[in-house]
Amino acid sequence: MSAKLAKLSQKLADLLGARIQSSRLHLGELTIEVAAADYRDVARTLRDHPELQFAQLIDLSGVDYSTYAGWRGKRFAVALHLTSLHLNCRLRLRTFAEDDHFPVLPTVTDIWNSANWYEREAFDLFGILFEGHEDLRRILTDYGFVGHPFRKDFPVSGYVEMRYDPEKQRVVYQPVTIEPREVTPRIVREENYARG
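The structure presented is a predicted model; accordingly, all values stated were derived computationally and were not measured.

**Some points on the overall build of the protein**
Logical step 1: Helix and strand content of the protein: 3 helices and 9 strands.
Logical step 2: For the protein, the N- to C-terminal ordering of α and β elements is α-β-β-α-β-β-β-β-α-β-β-β.
Logical step 3: Its C-alpha atoms give the protein a radius of gyration of 22 Å, clearly above 16 Å, the size a compact globule of 196 residues would have.
Logical step 4: Across its three principal axes, the protein shows a C-alpha extent of roughly 65 × 55 × 35 Å.

Below you can see the structure in the form of structure tokens.
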């Protein structure tokens, strides 16, 4: 563990105490995990405390752990990647939604403005709702899209397909007509294959 991250880890333990459920240093990155109930309070402390000053939210991403090898915890998480210019370091803050069937977390858009589109993306692709977000709507999929394509249980081919219908002279949606198939790579054993 680098001395800088060890010092930061100790400082976070002192300031946040029992609100940190776990702290992990892996591959030179520090990750702290907090409960959903403490998420906003911890986020505000990370930004506003004079010894921390994590003023930049670099990224916010949704995660679906349902098929993660050996995972037995909650299904949906949100990970925030924060930067402190004051400390010249980065931190990952992770929290899990309490309900796997209807994941809801509070918004942090009033803490970091840059969270706006990231939360919309996590809502669109994972179905994680952000309570208090002023404009939570789809950002990457069509408004009529059914489901959330980054969930692990979403089929690769989706549920519906769209095509242009020349008789109706418009785009129509219909159930998927392609059958799922397994693609097996071709093994080439020719001696001079791909040699100019």
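**What to know about the sheet that holds strand 5 (residues 89-96)**
Logical step 1: Spatial ordering of the open sheet is given by 1-2-5-4-3, a layout of 5 strands whose pairing is mixed. The sheet is open, and its two borders are formed by strand 1 (20-26) and strand 3 (56-64), each paired with just one other strand. Averaged over all adjacent pairs, the angle separating strand axes in this sheet is 20°, with direction ignored.
Logical step 2: Where strand 1 meets strand 2 (residues 29-34), 6 bridges bridge the pair, whose relative direction is antiparallel. Bridge pairing in strand 2 places Ile20 opposite Val34.
Logical step 3: Sheet strands touched by helix 2 (residues 39-48): strand 2, strand 3, strand 4 (76-84) and strand 5. Its angle to strand 5, the strand with the most contacts, is close to 170°.
Logical step 4: Against the sheet, helix 3 (residues 115-126) contacts strand 3 and strand 4, and its axis sits at roughly 5° relative to strand 3.

**Points about the environment of Phe126**
Logical step 1: As for its position among the elements, Phe126 is in helix 3.
Logical step 2: Judged by relative accessible area, Phe126 falls into the buried class, the value being 10%.
Logical step 3: Taking C-alpha positions, Phe126 is 25 Å from Glu182, a pair spaced 56 residues apart along the chain.
Logical step 4: The residues contacting Phe126, other than those within four sequence positions of it, are Gly62, Val63, Asp64, Phe76, Glu121, His148, Phe150 and Arg151.

**A few points about the packing of aromatic side chains**
Logical step 1: Applying the stated criterion across every chain, the model contains 6 aromatic pairs.
Logical step 2: Plain terms: the ring middles of Tyr65 and Tyr68 are 5.4 Å apart, the flat faces sit at 80° to each other, and that makes the pair edge-to-face.
Logical step 3: Classification of Tyr68 by relative accessible area gives exposed; the value is 51%.
Logical step 4: Geometrically, the ring pair formed by Tyr68 and Trp71 is edge-to-face, given 5.9 Å between the ring centres and 85° between the ring planes.
Logical step 5: An aromatic cluster is built from Tyr65, Tyr68, Trp71 and Phe96, whose rings are joined through pairwise contacts.

**Structural notes on the pattern of salt bridges**
Logical step 1: Tallied over the full model, the rule gives 12 salt bridges.
Logical step 2: Taken together, the shared-partner salt bridges in this structure form one network comprising Arg40, Arg44 and Asp110.

**Topic: the side chain of Asp165**
Logical step 1: Turning to its location among the elements, Asp165 is positioned in strand 8 (residues 160-165).
Logical step 2: For Asp165, the side chain forms a polar contact with the main-chain nitrogen of Glu167, separated by 3.0 Å.
Logical step 3: Once you skip the residues sitting within four places of it in the chain, Asp165 turns out to touch Arg170 and Val172.

Thresholds applied
- Residues numbered from 1 in each chain as written.
- Predicted model: local features only at pLDDT ≥ 70, side-chain atom pairs only at ≥ 80, totals over all residues.
- Heavy atoms only, no water.
- Helix = DSSP H or I, 4+ residues; strand = E, 2+ residues; numbered from the N terminus.
- Rg over C-alpha atoms; globule rule 2.2 N^0.38 Å.
- Pairing = 2+ DSSP bridges.
- Axes fitted to C-alpha atoms, helices over the stretch in contact; angles between N-to-C directions.
- Contact = heavy atoms within 4.5 Å.
- Buried < 20%, exposed > 50% of the residue type's maximum accessible area, 1.4 Å probe, protein only.
- Phe/Tyr/Trp six-rings, centres within 6.5 Å; stacked < 30°, edge-to-face > 60°.
- Salt bridge = Lys/Arg side-chain N within 4 Å of Asp/Glu carboxyl O.
- Polar contact = N/O pair within 3.5 Å; in protein donor to acceptor, adjacent residues only side chain to side chain.

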